Amino acid sequence: MHIDAIPTINDARSNDFFQKTVVVIDVLRATSCIVTAIANGSSGIVPVETVHQAVNLHEEDTILCGERHSKKVAGFDFGNSPTELLQCPLNNKKVILTTTNGTRVIQKCHKGLHILCASFLNAKRCAEAVLHFNRDTIIVSAGTYDKFSLEDSLCAGLIIEEIGSIAAGKSFELNDFAKAMHAAYLHLQGSIETTLLECENGQKLKKLGYEDDVKFCSQLNLYPIAPILSDQTLVPLKF
């Protein structure tokens, strides 16, 4: 199995995803929000690129979530905040989600055979899903405005570590960026919360009053959930 990690969606062509498992990471905060919403009772999350698309899909039994420039979209039920979502049971409702980076990247990976969403909160379960599918895999860090984000790539390193731990003794071919991010994760694994609070996106969210979100998103393997895209909706993979 080949496992490639890429620092941003711009480092791949859409055909690179064909017939592969794709793992999308946006730690701060889209993929952390997605797994938290499912854990808190949502029946599924519909990721869309634009606010207009989200509003058009909104129905009485759906919940609108989204942000632009890290702030909640006016008129939406929630922003892109996992700690906000934890305060209100979602009662089996579908969530329509649009974010600046994460949901856009999910859409751009549409040629993947399987599209999973990962974060520190569910890295182990996503690693298990990658091994379950047993296909060449691309781990995509969402980044920020198509620029490298440390927190996403460290999460890629954690997923690689989890894959190696689960399938002990089995060798995998990693590209250079995957090797580098695995090494970076091993170096920083004892200080994930501090690293997220000090990284560029963490500092920005702190200034906006979302420090609790950053701390929440730094937790490892809180949820045994691997959201997978099925009929345009992210639902928990069962295997």
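Residues numbered from 1 in each chain as written. Predicted model: local features only at pLDDT ≥ 70, side-chain atom pairs only at ≥ 80, totals over all residues. Heavy atoms only, no water.

## Details of the pairing of strand E1 (residues 2-6)
Relative to strand E9 (residues 173-174), E1 runs parallel, the two sharing 2 bridges. Across the sheet, the residue bridging to Ile3 is Leu174, located in E9. Strand direction decides the pairing type here: E1 and strand E8 (residues 137-141), joined by 4 bridges, are parallel. Bridge assignment links Ala5 to a residue of E8, and that residue is Ile139. (Pairing = 2+ DSSP bridges. Helix = DSSP H or I, 4+ residues; strand = E, 2+ residues; numbered from the N terminus.)

## So, unusual backbone geometry
Here the amide bond leading from Leu28 into Arg29 is cis, since omega sits at 15°, within 30 degrees of zero. Within the secondary structure, Arg29 is located in the loop between strand E2 (21-25) and helix H1 (30-39). Phi at His69 is positive, roughly 55°, even though this residue is not glycine. Within the secondary structure layout, His69 lies in the loop between strand E4 (62-68) and strand E5 (71-72).

## A few points about the packing of aromatic side chains
Here a ring pair, both rings aromatic, is described through the centre-centre distance and the interplanar angle of the planes. Scanning the model with the defined rule gives 1 aromatic pair in all. Measuring from ring centre to ring centre gives 6.3 Å for Phe148 and Phe177, while their planes differ by 90°; the resulting arrangement is edge-to-face. Taken as a pair, Phe148 in the loop between E8 and helix H6 (150-166) and Phe177 in helix H7 (residues 176-188) lie far apart in primary sequence, 29 residues in all. Positioned above the aromatic ring of Tyr210 is the side chain of Arg29, whose terminal nitrogen or guanidinium carbon lies 4.5 Å from the ring centre. (Phe/Tyr/Trp six-rings, centres within 6.5 Å; stacked < 30°, edge-to-face > 60°. Lys NZ or Arg CZ within 6 Å of the ring centre and 35° of its normal.)

## Focus: the packing of helix H5 (residues 123-133) against H6
Closest axis-to-axis distance for the H5/H6 pair is 8 Å, and the angle between their directions is 60°. With respect to each other, H5 and H6 are oriented oblique. Our pair here, H5 against H6, has a crossing hand that is right-handed. Contacts between H5 and H6 involve Ala123, Lys124, Ala127, Glu128, Val130 and Leu131 from the first element and Leu158, Ile159, Glu162, Ile163 and Ile166 from the second. (Axes fitted to C-alpha atoms, helices over the stretch in contact; angles between N-to-C directions. Parallel < 35°, antiparallel > 145°, perpendicular 65-115°, else oblique. Left-handed = near helix turned anticlockwise from the far one by under 90°. Contact = heavy atoms within 4.5 Å.)

## What about the side chain of His114?
Looking at the element boundaries, His114 is found in strand E7 (residues 114-118). Ignoring any residue separated from it by four or fewer positions in sequence, one finds His114 in contact with Lys20, Thr21, Val22, Phe133, Arg135 and Ile228.

## Digging into helix H9 (residues 200-207)
Here H9 has its buried residues at Asn201, Gly202 and Leu205. Here the buried residues of H9 occupy an arc of 100° about the axis, which is enough to place them on one side. Among the exposed residues of H9, those oriented more than 90 degrees off its buried face are Glu200 and Lys207. Along its buried surface, H9 packs onto H6, helix H8 (192-198) and helix H10 (211-217). Downstream of H9 by a residue or two, Gly209 has a phi angle that is positive, lying close to 95°. (Buried < 20%, exposed > 50% of the residue type's maximum accessible area, 1.4 Å probe, protein only. Arc of directions from axis to C-beta.)

## Some thoughts on the packing of H6 against H7
Two numbers describe how H6 lies on H7: the axes approach to 7 Å, and their chain directions differ by 90°. Taken together, the axis directions place H6 and H7 in an arrangement best described as roughly perpendicular. In this structure, H6 contributes Ser153, Leu154, Gly157, Leu158, Ile160 and Glu161 to the contact, and H7 contributes Phe177, Ala178, Met181, His182, Ala184, Tyr185, Leu186 and Leu188. Looking at side-chain class alone, the contact of H6 with H7 contains 10 nonpolar, 3 polar and 1 charged residues. (Nonpolar A, V, L, I, M, F, W, Y, C, P; charged D, E, K, R; others polar.)

## Observations regarding the pairing of strand E11 (residues 233-236)
With 4 bridges connecting them, strand E10 (residues 227-230) and E11 associate as antiparallel partners. Following the sheet pairing, Ser230 is matched in E11 by Thr233. The hairpin turn running from E10 into E11, its antiparallel successor, is 2 residues long, and Asp231 in that turn takes a positive phi close to 55°.

## Remarks on the pattern of salt bridges
Applying the stated criterion across every chain yields a total of 5 salt bridges. Across the salt bridge formed by Asp146 and Arg104, the nearest N and O atoms sit 3.0 Å from each other. Of this pair, Asp146 sits in the loop between E8 and H6 while Arg104 sits in helix H4 (residues 102-108), and the two are 42 residues apart along the sequence. Under the relative-accessibility criterion, Asp146 is labelled partly exposed at 29%. You can call Arg104 buried: its relative accessible area is 15%. (Salt bridge = Lys/Arg side-chain N within 4 Å of Asp/Glu carboxyl O.)

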